[in-house]
Amino acid sequence: MNWIFSGAGNMASSLIGGLVNSGAGADSIWVVDPDDSACKQAGERFGVHTGTSLEAVLSTMPDTPVGVVLAIKPHIVESVCRVIEQCVSAQSLTAPLVVSVAAGVRASSMEQWLPEGSALIRCMPNTPALLGLGATALFANERCNVAHKESVDQLLKTAGMTLWVEEEAALDAVTALSGSGPAYFFYLMEHMAAAGTHLGLDEKSARELAIATAFGAASMARSREQVPAVLRENVTSKGGTTAAALQVFDDRDTSSVILEAMQAAHDRAVELGDQLAPQ
């Protein structure tokens, strides 16, 4: 698979770096961005091909499978999709596999802008993907075959774990959980550190303890030896300090607050999809 990345931002860079580190030849990777300096930086960093015109790059592709990764802002997805459609039609090219990491733009919308019958995979990664620790959900349209899915799975696995969903609507729930989720944990760490300062610690110590605690807890949960509920029970002694803190959470009905917050994120994802759909 030859990969063309439309966009040279952080997410594209994390995926390109993952590809190169996993053994993919830099000669099979192109980066396209209207910002010439961004292209130059990507070329120097990864040794990949660069260009400022997607149409020009598509027209020079060798006769091998091509995947175009839309690592761009949602509001320009339509224009880039239409460039692909125009290029394929004008030059009688084989339609590339299109992979979108643009938030909110539905597959059904992109299918109207791309060449008819395009294979399309929509992905919802999160920001820890920049460290290779991401969580990405993927949805494939009916035109995708096993090879398409395997190629994209390998690509996104370079940025962390992957999970396929059968219905595109599930990506709105994914957005509320793992897409926006890192911010929830940052919020908790922020306020745990502030509470630590209120209780007498200096700001730097409180922040470092909050971050280290979050990292350790997540690492224990990720070992998958026990589910989070059991891990919580294991550190909660009856009548102890942890039990006193958790009782406050229960008294404030924190579980309902979390559900309400994630419902708001889910509903906003649905709303954004409606706004970005063809009118």
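Further up the page is the structure itself.
Criteria and thresholds
Residues numbered from 1 in each chain as written. Predicted model: local features only at pLDDT ≥ 70, side-chain atom pairs only at ≥ 80, totals over all residues. Heavy atoms only, no water. Helix = DSSP H or I, 4+ residues; strand = E, 2+ residues; numbered from the N terminus. Buried < 20%, exposed > 50% of the residue type's maximum accessible area, 1.4 Å probe, protein only. Contact = heavy atoms within 4.5 Å. Lys, Arg positive; Asp, Glu negative; His and termini not counted. Charge placed at Lys NZ, Arg CZ, Asp CG, Glu CD. Patch = residues over 30% accessible without salt bridge, like charges linked within 9 Å, V, L, I, M, F, W, Y side chains within 5 Å. Areas by Shrake-Rupley, 256 points an atom, 1.4 Å probe, with all protein chains shown as cover. Salt bridge = Lys/Arg side-chain N within 4 Å of Asp/Glu carboxyl O. Expected span 1.5 Å × (residues − 1). Pairing = 2+ DSSP bridges. Axes fitted to C-alpha atoms, helices over the stretch in contact; angles between N-to-C directions.

Enquirer: Before we go on, may I ask you to explain the overall build of the chain in this structure?
Expert: In terms of regular secondary structure, the chain is built from twelve helices and eight strands. In terms of overall dimensions, the chain has C-alpha extents of about 75 × 40 × 35 Å along its principal axes. A buried classification covers 39% of the 279 residues belonging to the chain. Restricting the contact set of the chain to residue pairs at least 6 apart, pairs at least 24 apart contribute 62%. A distance of 6 Å separates the average location of the 17 positive side-chain charges in the chain from that of its 31 negative side-chain charges.

Enquirer: Even after reading the chapter, I still don't get a nonpolar patch on the surface, so can you show me in this structure?
Expert: Where nonpolar side chains cluster on the molecular surface, the patch consists of Leu-130, Leu-131 and Leu-133 and spans about 320 Å² of accessible area. Inspection of the secondary structure puts Leu-133 in the loop between strand S6 (120–124) and strand S7 (134–140). On the basis of relative accessible area, Leu-133 is assigned to the partly exposed category, the value being 46%.

Enquirer: Teacher, can you tell me more about the side chain of Asn-2 here?
Expert: You can see Asn-2 is positioned in strand S1 (residues 2–6). According to the relative accessible area criterion, Asn-2 is buried, its value standing at 9%.

Enquirer: Please clarify how helix H8 (residues 181–198) should be interpreted in this entry.
Expert: Helix length check: H8, at 18 residues, gives a terminal C-alpha distance of 26 Å against a target of 26 Å (1.5 Å per residue), a fit within 8%. Where H8 is buried, its residues touch helix H7 (170–179) and helix H9 (203–222). Looking one or two residues past H8, Gly-200 carries a phi angle of roughly 120°, positive in sign.

Enquirer: Is there a simple way to think about the sheet that holds strand S2 (residues 29–32) in this case?
Expert: Adjacent strands of a sheet form backbone hydrogen bonds with each other and so pair up, either parallel or antiparallel. Ordered by their spatial adjacency, eight strands build an open sheet running S3-S2-S1-S4-S5-S6-S7-S8, and the pairing between neighbours is mixed. Edge positions in the sheet fall to strand S3 (49–51) and strand S8 (160–164), since each has one partner strand and no second. Geometrically, the sheet is characterised by an average inter-axis angle of 20° between neighbouring strands, direction not taken into account. Sheet analysis places S2 next to S3, joined by three bridges and oriented parallel. Note on S3: the bridge partner recorded for Val-31 is Thr-50. The sheet strands contacting helix H1 (residues 10–21) are S1, S2 and strand S4 (66–70), and the helix crosses S1 at an angle near 160°.

Limitation: the analysis is restricted to geometry and does not speak to function.
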